[in-house]
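Structural overview for review
Each chain is listed here by its residues.
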Amino acid sequence: MKFFLDTANLKQIQEVQNLGILDGVTTNPSLIAKEGIKGDVNIKQRYIDICNLVGGDVSAEVIATDFEEIIKEGEELAKLHHQIIVKVPMIKEGIKAINYFSKNGIKTNCTLIFSAGQALLAAKAGATYVSPFIGRLDDIGESGIDLITQICNIFKLHSFDTQVLAASIRSKEHIIQCAEAGADVVTTPLAPILELLKHDLTDKGLTKFLEDHAKNNS
Ligand code: G3P
């Protein structure tokens, strides 16, 4: 399972890159706004900066919602860097655009997926990735992980190439459950990744090892 970081923050991207476990980055307009990045030029520059930090795919989202505009914006984004994946919302015009991009060699990430039917349509249209938002489903009392399992089963059964990119990750448990469910990728904020490092017994065990080492050498 690939690990993507869900952020536009360069410091956080560098931190995970330094661990040697980063496979890519996803962004969205809310994450760009969180970094205080304003204006087309600055936003595009941030996408390029992110691409230059990581080796893998970097999702950059279109703002347009009608077909012609999505195509124009997506083609501009794709030209920025070969690592750019054009992120397109799950709407009717978006599905048309994903189909167009797929036929023209532009990779896509269909975002805001909340049902297996939406994932199936995006895969049929030729999306490179689908992004089911599991935390937001949990928020409304549904199981995000059940959706990941369902989509993974459907894609496997019908041999779709589209990758399941689990998004809206809120905890280390989400990451582990996505791995169990067979997600191809998780995109997560920094905190759940750092949480994966921790276990009380690791800390206690290390303290004891270091104490015993100190005794042996005193
Ligand atoms: O990748 C989508 C993600 O950023 C949404 O996460 O926590 O806003 O539901 P969240």
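First, a word on scope: everything that follows refers to the structure included in this document. (Residues numbered from 1 in each chain as written. Predicted model: local features only at pLDDT ≥ 70, side-chain atom pairs only at ≥ 80, totals over all residues. Heavy atoms only, no water.)

**With respect to the packing of helix α1 (residues 10-19) against helix α3 (residues 40-53)**
We count it as follows: Interaxial angle, 0 to 180 degrees, is taken between N-to-C directions of lines fitted to C-alpha atoms, where a helix line uses only the stretch in contact. A run of H or I in DSSP becomes a helix once it reaches four residues, and a run of E becomes a strand once it reaches two; helices and strands are each numbered from the N terminus. Convention used here: angles under 35 degrees read as roughly parallel, angles over 145 as roughly antiparallel, angles from 65 to 115 as roughly perpendicular, and any remaining angle as oblique. Here a residue-residue contact requires only that any non-hydrogen atoms of the pair lie within 4.5 Å. As a working rule, the residues Ala, Val, Leu, Ile, Met, Phe, Trp, Tyr, Cys and Pro are called nonpolar, Asp, Glu, Lys and Arg charged, and the rest polar, with Gly in that last group.
At a minimum axis distance of 10 Å, the contact between α1 and α3 shows a crossing angle of 10°. When the axes of α1 and α3 are compared, the pair comes out roughly parallel. In contact with L10, I13, Q14 and Q17 of α1, α3 contributes R46, D49, I50 and L53. Class assignment of the residues belonging to the contact of α1 with α3 gives a composition of four nonpolar, two polar and two charged.

**Here's the deal with the packing of α3 against helix α4 (residues 67-80)**
We apply this condition: Crossing handedness: left-handed means the near helix sits turned counterclockwise from the far one by under a right angle, and right-handed means the same turn made clockwise.
Here α3 crosses α4 at 45°, and the two axes come no closer than 10 Å. Taken together, the axes of α3 and α4 are oblique relative to one another. α3 and α4 meet at a crossing whose hand is right-handed. Each of K44, Y47 and I48 in α3 lies in contact with α4, whose residues at this interface are E76, L77 and L80. In terms of residue class, the contact of α3 with α4 is built from four nonpolar, no polar and two charged.

**With respect to the pairing of strand β6 (residues 129-132)**
Our working rule: Three exposure classes are used, based on accessible area relative to the maximum for each residue type with a 1.4 Å probe and protein chains only: buried under 20%, partly exposed in between, and exposed over 50%. Pairing between two strands requires that DSSP report at least two bridges joining them. The handedness of a crossover follows from its direction of travel: if, with the strands pointing away from the viewer, the path from the first strand over the helix to the second runs clockwise, the crossover is right-handed.
Neither face of β6 is open: one carries Y129 and S131, the other V130 and P132, and all of them are buried. Pairing geometry for strand β5 (residues 108-113) and β6, over three bridges, is parallel. Residue N109 lies in a different strand from β6, and its bridge partner there is Y129. Since β5 and β6 lie parallel, the crossover through helix α6 (residues 116-125) that links them has a hand, and here it is right-handed. Two strands pair when backbone bridges link them, and β6 and strand β7 (residues 163-166) are joined in this way by two bridges, in the parallel orientation. Within the sheet, the bridge partner assigned to Y129 lies in β7 and is Q163.

**Concerning helix α9 (residues 172-181)**
Note the threshold: Directions from the helix axis toward the C-beta atoms define the arc.
The complete set of buried residues in α9 reads H174, I175, C178 and A181. Down the axis of α9, the buried side of the element spans an arc of 130°, and every buried residue falls inside it. Packed against the buried residues of α9 are β1 (2-6), α7 (134-139), α8 (144-157), β7, β8 (185-188) and α10 (190-196). Positive phi shows up at G182, right after α9, with a value of about 95°.

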